[in-house]
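Breakdown of the fold
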Amino acid sequence: MNTLIVYDDTGYVISQSQGLSREPQGVPFLWVDIPSNKRLKIADGIGIDVSVTPHQAILEDIPPSEIENLRLEMAQSNTELFEMMIAMSGGTA
């Protein structure tokens, strides 16, 4: 999603907004397209790499939610159970 990120000279993120936003005057900003599986990585308020030109947003993967982790565990358990049932019956998948 297209995001407006306003930051200072050190890369400290002042604000971020999505959708229709007015571009600020007199302060640095970036329009960044952040994919749905990513988010702005902010460490100690710093989310923009100002050591490179042009400045770049620092993005990171969004970790899976607790529900997604449970779904993956359940799918793995179901697979293992199915394999055990086939092995016990002497058949092959």
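Now for a quick tour of the structure. Because the structure is a prediction, the values reported are computed rather than measured. (Residues numbered from 1 in each chain as written. Predicted model: local features only at pLDDT ≥ 70, side-chain atom pairs only at ≥ 80, totals over all residues. Heavy atoms only, no water.)

Moving on to the pattern of salt bridges. Counted according to the given criterion, the structure contains three salt bridges. Put simply, Glu60 and Arg39 hold a salt bridge, and the shortest N to O gap is 2.8 Å. With Glu60 in strand S7 (residues 59–61) and Arg39 in strand S4 (residues 38–40), the pair connects residues that are 21 residues apart, well separated along the chain. With a relative accessible area of 24%, Glu60 lands in the partly exposed category. Arg39 gets classed as partly exposed once you look at its relative accessible area, which sits at 38%. A salt bridge links Arg71 to Glu68; the shortest N-O distance between them is 3.8 Å. (Salt bridge = Lys/Arg side-chain N within 4 Å of Asp/Glu carboxyl O. Helix = DSSP H or I, 4+ residues; strand = E, 2+ residues; numbered from the N terminus. Buried < 20%, exposed > 50% of the residue type's maximum accessible area, 1.4 Å probe, protein only.)

A word on the nonpolar core. In terms of nonpolar packing, the biggest core is built from eight residues, these being Ile5, Tyr7, Val13, Leu30, Val32, Ile34, Leu40 and Ile48. Those elements that provide at least two residues to this core are strand S1 (2–7) and strand S3 (29–33). Apart from residues no more than four positions distant in its own chain, Leu30 is found in contact with Thr3, Leu4, Ile5, Tyr7, Ile48, His55, Gln56 and Ala57. (Core = buried A, V, L, I, M, F, W, Y, C linked by side-chain atoms within 4.5 Å. Contact = heavy atoms within 4.5 Å.)

Another aspect to go through is unusual backbone geometry. A negative phi angle characterises most non-glycine residues, just as the trans form characterises most peptide bonds. A cis amide bond links Thr53 with the next residue in sequence, Pro54, at an omega value of 0°. Counting through the fold element by element, Pro54 comes out in the loop between strand S5 (48–49) and strand S6 (56–57). Of note in the backbone geometry, Asp44 takes a positive phi value of approximately 55° without being a glycine. Relative to the helices and strands, Asp44 resides in the loop between S4 and S5.

Moving on to the environment of Ser36. Structurally, Ser36 is set in the loop between S3 and S4. What makes Ser36 exposed here is its relative accessible area of 74%. Here the alpha-carbon distance between Ser36 and Asp61, two residues 25 residues apart in the chain, equals 9.4 Å.

A separate point is the sheet that holds strand S2 (residues 13–18). Pairing is antiparallel across the open sheet formed by three strands, whose spatial order is S2-S1-S3. At either margin of the open sheet sits one strand with a lone partner, and together these are S2 and S3. On average, each strand axis in the sheet is inclined to that of its neighbour by 20°, with strand direction left out of account. Pairing analysis gives five bridges linking S1 to S3, with the strands arranged antiparallel. Residue pairing for S3: Thr3 is matched across the bridge by Val32. (Pairing = 2+ DSSP bridges. Axes fitted to C-alpha atoms, helices over the stretch in contact; angles between N-to-C directions.)

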